[in-house]
Amino acid sequence: MTKRILFLGMLAAFATAEAKVTLPALFSDNMVLQQKSDVALHGRSSAKKDVTITVGWNKHIYTAPTNAQGNWKIEIPTPSAGGPYEITLSDGEEQVLKNIMIGEIWLYAGEVNAGMPIEGASQSSIRLFQVKKEISLVPKEDLDLAQGEWQECSTEAVAGFPTEGYFFASQLQKTLKVPIGVIDCTWAGTPAEAWSSYNALESLADYGQEAEMLESLGFDPEKIEAEYARKREEWYQALYEHDMGWCDDHQVWAEPDYSDENWKEMELPGYWEDKGMKDFDGVVWFRKTVDIPRTWARKAITVELGPIADEDIVYYNGVEIGRTGGTDTPRRYTVPYKLVKRGKAVLTVRVTDYEGKGGICGKAEQMKMSIKGKEPVSLAGDWKYLAGLSLTGIPPVPASPGTNPAYPTGLFNAMIHPLTRFPIRGVIWNQGESNKESPDEYTDLFMSLITDWRDKWQKPDMPFLFVQLPNDPNQKDTQVDTDRAAMREAQAQALYLNNTGMVVTTDIDHTRKSDPQSKLEVGLRLSQQALRQAYGKKRMPQYPMYKAHSIEGNTIRISFENVGKGFLHPDPIRGFLIAGTDHVFYPATVSVKKKEVIVQSPEVPHPIAVRYNWADSPDGTLFGASGLPVVPFRTDKW
């Protein structure tokens, strides 16, 4: 009896110890809550009891009932900025969240790269939170609990945080004198459609078909994956159908009696881009005739080729002996002994490269064939080759939506949707590189994303700040037609939405990636936009923007908005191009008349259009009196 009582006592103690309030990852020590907002505090109680919440700023006690699953939710109003505070939660076991600040929270989203160490970055009034990189085919309610927590700003914390986001917070905190929280929700190399919800995409012509497909499959992840598996199989089958090395489902170019006398030669190993096939993605067939000694007959041969980018199928006298995908895996195949005869034999390797460099790319000593007990024979050296298919103009292989960070809605569902119940002041958007080849689509896509995010947060006027594409450090020439310039124009169209702000960066040197100075300037300009749009500081500097133009003889007169006291500029002014009815642009001579600019060129006696800083890497030198650059523009729509 005593043992039974002791056991029951231990069981009760264990159950009590297990009783615990579980909170979403966003609610942790060191967090910042948005001042003067209603925070939807929620979680789960393993004890399935009512949860009491005591907040440190006014000692008020709130009670949240749990449902049958133990879930609970309650809205708690926050005061004006201040702290640090504690929040105590209990469902029988007490849990305390410590060092909580009330202040201003900004979401930093897009495709920026990780940050860098910043000496002297320790600031207890700035708190940082990084959202774990995840993909989901359906909207998630909460972030994965496995990710990190809020951190006080420090040199160590900043090292993995977007540097512009840190400098933004630092500048904002200096001006507002309140705690600042920044949520990093970024993934390098991702397009805007991945950060868009189904609702944002369904009305867009370029994405409506994909949205319809998702709806028709009931947003079921298994059905979506199955549909993309079917599409991938169709894509691969189309590659074979268009590959000249195949005919009627037969590998013609692998047959030993096929004549390759007109094929070119390439010394292997090596990437084919380094051997005359510049920028080629697609299928290349390699053939090599080898001598099989009498002593090798009726013995299995091991063929080794080293790593191959990206996929290969290997044939021995027209018979497939193996295939592999993935560049990192050294290739090793076996020729069955029944196929091995004395005399000439033909090895054929069909290599498919989808992007980047392609080919049989290992070391010479990795290319060999051998039989057990004999010295290997080198396969390095000259091989015959011929391209079977170029991927130019062919859409990329349909990637698995569950593992593809570029898939429409995937990042919104996993990384943004769980944040929409968490009050924030506004959004900073630093993205565009991954959409720059489709500027015509981007205008509607970006504006739809902004409107939809505001709807999801239920804040129709939520400030939305964004960074225009920077200069391409690899491109110095002026171009008449450039996707990068057109992309900047597409981004700027979002300024027609209320309470948006744009940062221009064409004057900032981004070539020194380890130098934080350029990121400091971007962060400063973002803080200026935030102070203007979100905090009513209307005297913040503004970017001069094209307003109108008039043709006056052989000149074009241009007027601007946000000029203030006029322009700053060297003499001569760079960055302007002018064209006539032939649509040919020439460098222009520029003169400033008070708050207007007059543009002309002796090459263009009858001008009709002007462009400014219309290039991948423009070097324009016209600035407003505030020191901010003039926004790139064009007066034509050619």
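Scroll up a little and you will see the structure.
None of the values given here were measured: they were computed from a predicted structure.

Definitions and limits used
Residues numbered from 1 in each chain as written. Predicted model: local features only at pLDDT ≥ 70, side-chain atom pairs only at ≥ 80, totals over all residues. Heavy atoms only, no water. Helix = DSSP H or I, 4+ residues; strand = E, 2+ residues; numbered from the N terminus. Buried < 20%, exposed > 50% of the residue type's maximum accessible area, 1.4 Å probe, protein only. Contact = heavy atoms within 4.5 Å. Areas by Shrake-Rupley, 256 points an atom, 1.4 Å probe, with all protein chains shown as cover. Lys, Arg positive; Asp, Glu negative; His and termini not counted. Charge placed at Lys NZ, Arg CZ, Asp CG, Glu CD. Polar contact = N/O pair within 3.5 Å; in protein donor to acceptor, adjacent residues only side chain to side chain. Pairing = 2+ DSSP bridges. Salt bridge = Lys/Arg side-chain N within 4 Å of Asp/Glu carboxyl O. Core = buried A, V, L, I, M, F, W, Y, C linked by side-chain atoms within 4.5 Å. 1 Å grid on protein atoms, 1.4 Å probe; cavity = no way out; pocket = protein on both sides within 12 Å on 5 of 7 lines; lining within 4 Å. Points joined across faces, edges and corners; volume = space filled by probe spheres on them. Axes fitted to C-alpha atoms, helices over the stretch in contact; angles between N-to-C directions. Parallel < 35°, antiparallel > 145°, perpendicular 65-115°, else oblique. Left-handed = near helix turned anticlockwise from the far one by under 90°. Nonpolar A, V, L, I, M, F, W, Y, C, P; charged D, E, K, R; others polar.

Colleague: Describe the overall build of the protein, with residues and values.
Modeller: Helix and strand content of the protein: 10 helices and 36 strands. Seen along its three principal axes, the alpha-carbon backbone of the protein occupies a region of about 110 × 95 × 50 Å. For the protein, the residues scored as buried account for 51% of the 638 residues in total. Nonlocal contacts in the protein, meaning residues at least 24 apart in sequence, comprise 74% of its contacts between residues at least 6 apart. Of the roughly 30,000 Å² of accessible surface on the protein, 49% is carried by carbon and sulfur atoms. Charge separation in the protein, taken as the distance between the mean sites of 69 positive and 85 negative side-chain charges, equals 5 Å.

Colleague: Describe the side chain of N471, listing the residues and the values that go with them.
Modeller: With respect to the helices and strands, the residue N471 is situated in the loop between strand 25 (464–467) and helix 9 (483–492). For N471, the side chain forms a polar contact with the main-chain oxygen of T506, separated by 3.0 Å. A distance of 3.2 Å separates a polar atom in the side chain of N471 from the backbone oxygen of P618. Non-local contacts of N471, meaning those with residues more than four positions away in its chain, are made with R484, R488, T506, D616, S617 and P618.

Colleague: Could you give an account of the sheet that holds strand 6 (residues 71–77), with specific residues and numbers?
Modeller: Taking strand neighbours across the sheet as the criterion, the 3 strands line up as 1-3-6 in an open arrangement whose pairing is antiparallel. Sheet topology places strand 1 (21–22) and strand 6 at the edges, where each strand pairs with a single neighbour. Looking at chain direction, strand 1 and strand 3 (residues 38–45) are connected through 2 bridges and run antiparallel. Each residue of the ladder has a partner; that of V21, found in strand 3, is S45.

Colleague: Please set out the pattern of salt bridges residue by residue, giving values where relevant.
Modeller: Following the criterion strictly, the structure yields 27 salt bridges and no others. For E164, the salt bridge is made with K519, and the minimal N-O distance between the two is 3.6 Å. Here E164, found in helix 3 (residues 163–176), pairs with K519, found in helix 10 (residues 517–533); they are 355 residues apart in sequence, far enough to count as distant. By relative accessible area, which is 11% here, E164 ends up buried. The salt bridge involving D291 is made with K344; its shortest N-O contact spans 2.6 Å. In this pair, D291 is assigned in strand 13 (residues 282–292) and K344 in strand 19 (residues 343–353), connecting sequence segments 53 residues apart. One salt-bridge network, held together by shared partners, links E227, R230 and E234.

Colleague: Give me the lowdown on the nonpolar core, citing residues and values where you can.
Modeller: A general feature of soluble globular proteins is that nonpolar side chains tend to end up buried together. Among the nonpolar cores identified, the biggest contains 103 residues, and I53, L107, W429 and W453 are the most heavily contacted of them. The residues contacting I53, other than those within four sequence positions of it, are L41, H60, I61, Y62, A64, W72, I74, I76, I87, T88 and L89. With 31 residues, the next largest nonpolar core counts W272, I292, W296 and M369 among its residues.

Colleague: Could you give me a rundown of the layout of surface pockets, with the residues and numbers involved?
Modeller: The volume enclosed by the largest pocket comes to roughly 1,400 Å³. Lining the largest pocket are 33 residues, with P395, P396, V397, N404 and A406 sitting closest to its centre. Of all elements in the fold, only helix 5 (208–216) and helix 6 (221–242) reach the threshold of two or more residues within the lining of the largest pocket. No other element matches the 4 residues that helix 5 contributes to the lining of the largest pocket.

Colleague: How would you summarise the packing of helix 8 (residues 439–457) against helix 9 if you had to cite specific residues and measurements?
Modeller: In contact at an axis separation of 8 Å, helix 8 and helix 9 are set at 20 degrees when each is read in the N-to-C sense. Classed by the angle they form, the pair helix 8 and helix 9 counts as roughly parallel. Between helix 8 and helix 9 lies a crossing of right-handed hand. Between helix 8, through P439, Y442, T443 and F446, and helix 9, the contact on the second element is made entirely by D483, A486, M487, A490 and Q491. Its residues assigned to classes, the contact of helix 8 with helix 9 shows 6 nonpolar, 2 polar and 1 charged.

Geometric values such as these leave the question of function open.
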